[in-house]
Amino acid sequence: EAQVTQNPRYLITVTGKKLTVTCSQNMNHEYMSWYRQDPGLGLRQIYYSMNVEVTDKGDVPEGYKVSRKEKRNFPLILESPSPNQTSLYFCASSLSGTEQYFGPGTRLTVT
Amino acid sequence: EDQVTQSPEALRLQEGESSSLNCSYTVSGLRGLFWYRQDPGKGPEFLFTLYSAGEEKEKERLKATLTKKESFLHITAPKPEDSATYLCAVLGSSNTGKLIFGQGTTLQVKP
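Residues numbered from 1 in each chain as written. Chains lettered and ligands numbered in written order. Predicted model: local features only at pLDDT ≥ 70, side-chain atom pairs only at ≥ 80, totals over all residues. Heavy atoms only, no water.

Caption draft 1: Fine view of the overall build of chain A. When helices and strands are tallied, chain A shows 0 helices and 11 strands. Going residue by residue from the N terminus, the α and β elements of chain A occur as β-β-β-β-β-β-β-β-β-β-β. Its C-alpha radius of gyration of 13 Å places chain A within 12% of the 13 Å reference for a compact globule of 111 residues. With respect to the three principal axes, the spread of C-alpha positions in chain A is 35 × 25 × 25 Å. (Helix = DSSP H or I, 4+ residues; strand = E, 2+ residues; numbered from the N terminus. Rg over C-alpha atoms; globule rule 2.2 N^0.38 Å.)

This is how it looks when you write it as structure tokens:
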């Protein structure tokens, strides 16, 4: 089954404790992206990757890092999480950056 | 600046009562307009892509149309299972693959 998977689905952590949210797709898509969704602000792009070893910032990259060492994986790293990063995070992938398919989401709470 | 506005914010319908959701957009060089369905706590589910004015797409009770300034999602004889938030997004001419999302319309269909 073609899908985008994210882990963990739910995470509660404390300020400053490094964490990684994994994203994997099995569709051989070149393009992958991370979004966060907040009430009243909608979905906003954090980082994106056009291909392996090619990443760039979206609209809200501060406090986040990404890497793309393999085509199928695109982890999101929070080096020192803060409460304002409490949000619902979605990974998405696309063959060419047009029709994007989203993962199930990771609900992160930073206390 | 690329922008997407959806209306209404919320819509309540009786089962069988047809209606339309609006998505107004401004974008430099539209590469695609996308409709997604999102259920609470889940990732957006891809519905349609529209590329040029005059284009229409249909899927079951849903029909999406596109003009140069807006898109409509028509829902014919809705059922309670159509209850969800419907998101509209545009992809502009920049090479980032960044989808610009509207705030969404939350549809509730009562039996």
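Caption draft 2: Geometry of unusual backbone geometry. All names here are of chain A. In the segment running from N7 into P8, the intervening peptide bond is cis, with an omega of -5°. The topology assignment puts P8 in the loop between β1 (4-7) and β2 (10-13). Of note, the phi angle at E53 is positive, near 65°, even though the residue is not glycine. Mapping E53 onto the fold places it in the loop between β5 (42-51) and β6 (54-57).

Caption draft 3: Fine view of the interface of chain B and chain A. On the chain A side, the residues contacting the 20 residues of chain B number 22 residues. Surface buried jointly by chain B and chain A totals about 1600 Å² across both partners, of which 52% is contributed by carbon and sulfur atoms. For the pair chain B and chain A, the number of links is 0 salt bridges. Between the two partners, chain B and chain A, sit 4 residue pairs in polar contact (both at pLDDT 80 or more). Elements with a contribution of two residues or more to the side of chain B that touches chain A: β4 (32-38), β5 (45-50), β9 (84-91) and β10 (99-101) of chain B. For the side of chain B that touches chain A, the element with the highest residue contribution is β4(B), accounting for 3 residues. Classifying every residue of the side of chain B that touches chain A by side-chain character gives 9 nonpolar, 8 polar and 3 charged. (Contact = heavy atoms within 4.5 Å. Buried area = accessible area lost by both parts, 1.4 Å probe. Salt bridge = Lys/Arg side-chain N within 4 Å of Asp/Glu carboxyl O. Polar contact = N/O pair within 3.5 Å; in protein donor to acceptor, adjacent residues only side chain to side chain. Nonpolar A, V, L, I, M, F, W, Y, C, P; charged D, E, K, R; others polar.)

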